[in-house]
Amino acid sequence: MTREMLTGNAAAAWGVRLAEVDYVPAYPITPQTEIIETLAKWISDGVLDAGFVTVDSEHSMITAAGAASATGVRVFTATSSQGLLYGFEMLYSVAGWRVPLVMVNVSRGLSSPITLEPDHNDILAARDSGFLQIHCETCQEVLDSILMAYRLAEDERILLPVLVNMDGFHLSFTREPVEIPEIELVRKFLPAYHSKHAFFKATQPMAQGVAVLGGHAYSYFKYQMHLASIKSLEVYKEVSDEFKEVFGRSYNTIEGYMLDNAEYVLVMTNSFSTLGKEAVKKARVKGIKAGLLRIRLIRPFPDMDIVKALNGKKAVAVLDQNISVGKGGIVYSEIASALYNERENPLLLSFVGGLGGKNINPGEFEFVFDSMIKAVDTGKIPAPQLLYTETEWKEMENLKKIAGKQTTVIKTASV
Amino acid sequence: MPELLPIKSIKDISTDENLFPGTPACAGCGGLLTLRHCLKVLGEKTIIVNAAGCFTLLSIYPFTPFKNSWLYTAMACAPAGAQGVRDALDILIRKGRLSPEEDLKVVVLTGDGAAYDIGLSSTSGALHRNLDFYYICSDNEAYGNTGFQWSGATPFASKTGTTPAGRINQTGAELSKKNLFEIWRSHNPPYIATTSPAHPVDLVNKFKKAEQYKGPKLFINLSPCPPGWSTDPSHSVRFAKLAVDTGIWALKEAIYGDVKHTVVPGKFKPVEEYLKEQGRFAHLFKPVRQEEIFKKIQEMVDQYWNEVQSRESIKK
């Protein structure tokens with residue numbers, strides 16, 4: 001085992017190298033490109049024995065990746081944002097092929113306006129595709145999750161592709177100390193791939209991806225995917241137990257931070273959770289019984305784990321780094337549906353923040369905790385709130401002035 | 001390399017069948033007839049990578065009419081699917097995880113909508129990368145599976161669902177057919193050919209010839225489409241033949257860019273003979289004969305063959 005300072009992208013590349021993948025179809029996009037460049041170099045140097053091809057688009061890339069996976073090799077690919085959406089059609093197709101492709105998405109806000117920094121509208125758009133989704137907070141987690149992802153995807157009880165997500169810039173380009181496990185240990189955890197289900201060879205012709213006629217056939221295959229995804233909650237626990245046994249690190253479907261005796265819980269995903277944890281620590285100093293719940297497995301959604309973790313809490317605030325325009329935070333809706341049929345539920349508040357890499361500053365977190373306390377005190381739950389600071393507002397007014405636009409006075413919740 | 005022996009007669013075509021009857025394809029489908037011939041040459045050790053089109057409905061769970069393997073991708077990306085399959089087979093063989101005996105020919109099968117329009121980018125990529133694959137485009141000159149709408153392959157003056165002839169526009173399609181052969185040729189692949197279901201000997205010889213080349217081997221087949229062309233299903237081969245005899249559909253090949261016409265009619269029939277029995281051109285004849293349009297189409301055909309003649313010293 002070695003310990004190195006790696007970016008999230010480099011950690012992803014290391015995960016792929018250790019998984020000894022056979023094939024990497026690629027297409028560049030910021031902030032993902034470093035992953036495929038790193039892999040291309042390793043393949044060129046001969047330290048990774050894999051095929052590499054740059055294709056004409058993400059649509060072709062996901063197609064080639066899925067088709068190679070359907071032929072029986074271990075495949076990796078990566079994209080981000082616009083690229084994920086450009087290839088979107090093929091996410092559903094490849095998931096329906098029931099092939100164990102693993103793909104990294106480096107989250108980046110969606111156009112328009114076109115931007116580079118992260119939020120989760122890209123990855124959450126893919127939540128209904130059939131891909132399992134693991135969302136990472138740290139660079140170590142990125143590497144480890146890729147290894148776990150292949151175990152899940154290739155498990156005969158699952159056979160669904162997996163997306164591993166990390167935030168662009170904030171994780172993709174941030175160096176953190178990462179333990180790079182020994183290859184022998186990885187091979188013990190993740191044996192070589194020999195496809196029993198998806199392959200093409202002369203002596204055993206097979207039709208894959210065929211059409212169906214009629215809703216009964218279509219529904220059957222869709223239900224099968226759903227049931228396999230739900231089954232993966234159970235398989236996930238086996239895989240994470242084994243991962244802990246081999247590598248000593250442990251990743252549950254969710255992560256609680258100061259959660260056990262917490263009364264006010266912040267729910268977050270991905271790398272901004274680190275900011276949330278810092279805010280929890282500060283709130284604790286002020287005497288607020290704060291805690292944080294990070295959702296790591298987004299598909300399948302670990303309803304029961306979440307219900308258990310939030311049971312008995314006074315208030316929960318979901319801080320969504322995404323926006324379903326016309327509805328609000330996406331994770332909020334998912335948490336609400338997980339909790340709805342429970343007898344005793346915490347108050348559930350919704351906040352949207354950190355879009356397009358917008359910082360979530362300590363003041364915003366304080367506002368969120370204050371809102372939870374106020375809601376508990378008054379019994380009134382505020383409408384979903386869009387976080388935006390006074391300073392940001394002024395900066396925006398200034399930009400509008402430069403653009404020659406009249407400044408407006410419309411202003412709702414701000415800090 | 002074994003010496004190439006071209007066949008001379010339809011009797012020399014293999015009696016092996018790799019595409020079986022009972023498909024939901026329309027009666028008289030010119031594309032299906034061609035596909036049957038193609039697979040006789042390609043053999044069983046083949047995987048067809050399909051793009052959305054009429055042929056997508058050949059394999060409907062749990063049935064398939066093929067002896068060979070099949071992967072349906074989506075409309076735009078069959079060549080990218082072929083890339084993934086080809087690369088994966090090569091990797092498996094190289095790493096000793098698959099016997100070379102298990103190798104497959106990778107064949108992209110699309111309609112003209114995928115080939116001329118939505119899939120052009122992924123095709124260009126595959127050609128540029130010199131992917132070792134076959135590409136069969138079954139060209140019925142419109143989006144047939146959706147009920148015959150205009151595509152980049154639709155010829156001038158054809159009526160389609162989206163280029164209807166009416167009081168204002170009496171022509172039908174106002175654009176000429178896109179020259180896919182030349183677009184492909186600009187990538188300099190080892191082999192490109194046009195084929196016709198009316199010329200199976202020519203077709204078989206082209207597939208046999210193509211086999212010797214590593215890289216893209218591409219075929220555009222003019223596929224008479226009875227429901228789209230509004231023609232009698234029993235006359236599909238006759239229309240395919242008329243397309244060749246009038247010079248509208250030129251049978252040719254290009255080996256590393258070098259073009260040669262393989263079937264040149266001794267005497268060209270007037271284009272009108274091809275147009276007159278097809279419902280998609282009926283508006284050119286009734287209520288009034290649109291002489292200007294006949295003239296324009298004839299001129300386009302004549303100009304094409306004049307250029308061919310001067311290039312290839314073919315007697316017209």
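Residues numbered from 1 in each chain as written. Chains lettered and ligands numbered in written order. Predicted model: local features only at pLDDT ≥ 70, side-chain atom pairs only at ≥ 80, totals over all residues. Heavy atoms only, no water.

S.K.: Would you mind going over the overall build of chain B with me for this structure?
M.R.: In terms of regular secondary structure, chain B is built from 10 helices and eight strands. The globule rule puts the C-alpha radius of gyration for 316 residues at 20 Å, and the 19 Å found for chain B is close to it. Taking the principal axes of its C-alpha atoms as reference, chain B extends roughly 70 × 45 × 35 Å. By residue count, 57% of the 316 residues in chain B fall in the buried class. Considering only contacts in chain B between residues 6 or more positions apart, those separated by 24 or more positions represent 68%. For chain B, the exposed area adds up to about 13,300 Å²; of that, 56% sits on carbon and sulfur atoms. Of the side chains in chain B, 37 bear a positive and 32 a negative charge, and the two mean positions are spaced by 1 Å. (Helix = DSSP H or I, 4+ residues; strand = E, 2+ residues; numbered from the N terminus. Rg over C-alpha atoms; globule rule 2.2 N^0.38 Å. Buried < 20%, exposed > 50% of the residue type's maximum accessible area, 1.4 Å probe, protein only. Contact = heavy atoms within 4.5 Å. Areas by Shrake-Rupley, 256 points an atom, 1.4 Å probe, with all protein chains shown as cover. Lys, Arg positive; Asp, Glu negative; His and termini not counted. Charge placed at Lys NZ, Arg CZ, Asp CG, Glu CD.)

S.K.: Which parts of the structure should I look at to understand the sheet that holds strand β11 (residues 264–268) of chain A?
M.R.: Each strand in a sheet pairs with another by means of backbone hydrogen bonds, the pair being arranged parallel or else antiparallel. Residue and element names in this part refer to chain A. With respect to topology, six strands assemble into an open sheet ordered β10-β12-β11-β14-β15-β16, the strand pairing being mixed. The sheet terminates laterally at β10 (254–257) and β16 (385–386), the two strands that pair on one side only. In this sheet, strand β15 (residues 347–352) lies alongside strand β14 (residues 315–320) in parallel orientation, the contact comprising six bridges. Bridging across to β15, Val318 finds its partner in Ser350. Docked against the sheet, helix α13 (residues 362–378) engages β11, β12 (290–295), β14, β15 and β16, running at close to 130° with respect to β11. (Pairing = 2+ DSSP bridges. Axes fitted to C-alpha atoms, helices over the stretch in contact; angles between N-to-C directions.)

S.K.: Is there a simple way to explain the interface of chain A and chain B in this structure?
M.R.: For interface size, the figure often reported is the accessible area lost on association. Tallying the contact residues gives 39 residues for chain A and 41 residues for chain B. Across the chain A to chain B interface the summed buried area is about 2,900 Å²; carbon plus sulfur atoms make up 64%. Our count for the contact surface shared by chain A and chain B stands at three salt bridges. Ionic pairing is found between A:Asp22 and B:Lys95, a salt bridge with its closest N-O pair at 2.7 Å. Mapped by element, the contributors of at least two residues to the side of chain A that touches chain B are β3 (51–54), α3 (58–71), α5 (88–96) and β9 (207–208) of chain A. (Buried area = accessible area lost by both parts, 1.4 Å probe. Salt bridge = Lys/Arg side-chain N within 4 Å of Asp/Glu carboxyl O.)

S.K.: Quick question: what am I supposed to make of α3(A) here?
M.R.: Think of an α-helix as turning once every 3.6 residues; residues three or four places apart then point the same way. Residues and elements named next belong to chain A. With 14 residues, α3 extends 19 Å between its outermost C-alpha atoms, agreeing within 8% with the 20 Å of an ideal straight helix rising 1.5 Å per residue. Burial within α3 is extensive, with 14 of its 14 residues counted as buried. Near the N-terminus of α3, the side chain that reaches the backbone nitrogen of His59, with its oxygen 3.2 Å away, is that of Ser57. A positive backbone phi angle near 115° is found at Gly72, which sits one or two residues after α3. (Expected span 1.5 Å × (residues − 1). Polar contact = N/O pair within 3.5 Å; in protein donor to acceptor, adjacent residues only side chain to side chain.)

S.K.: What is the right way to read the domain arrangement of chain A from this model?
M.R.: Residues and elements named next belong to chain A. Each assigned domain of chain A is listed here: domain 1 (2–247) and domain 2 (255–403). Relative to domain 2, the C-alpha centre of domain 1 lies at a distance of 28 Å. Taken residue by residue, the interface counts 29 residues in domain 1 and 28 residues in domain 2. Here domain 1 and domain 2 share an interface that buries about 2,300 Å² over both sides, 48% of which is from carbon and sulfur atoms. Here domain 1 and domain 2 share seven salt bridges between them. Where Arg294 meets Glu137, a salt bridge forms, and the shortest distance between an N and an O atom there is 3.0 Å. Contributions of two or more residues to the side of domain 1 that touches domain 2 are made by α6 (121–125), β6 (132–135), α7 (139–154), β7 (162–167) and α9 (215–247). (Domains from an automatic or database assignment.)

S.K.: Is there a simple way to think about the packing of aromatic side chains in this case?
M.R.: The geometry of an aromatic ring pair comes down to the distance between the two centres and the angle between the two planes. Residue and element names in this part refer to chain A. With the rule as written, the count across this model stands at 23 aromatic pairs over all chains. Here the aromatic rings of Trp14 and Trp42 are separated by 5.1 Å at their centres, their planes lie at 65°, and the arrangement is edge-to-face. Of this pair, Trp14 sits in helix α1 (residues 8–18) while Trp42 sits in helix α2 (residues 33–45); the two residues are 28 residues apart in sequence, bridging distant segments of the chain. Trp42 matches Trp14 in its accessibility class, with the two residues each being buried. Ring geometry for Tyr220 against Phe221: centres 5.4 Å apart, planes inclined by 85°, an arrangement best described as edge-to-face. With a relative accessible area of 48%, Tyr220 lands in the partly exposed category. (Phe/Tyr/Trp six-rings, centres within 6.5 Å; stacked < 30°, edge-to-face > 60°.)

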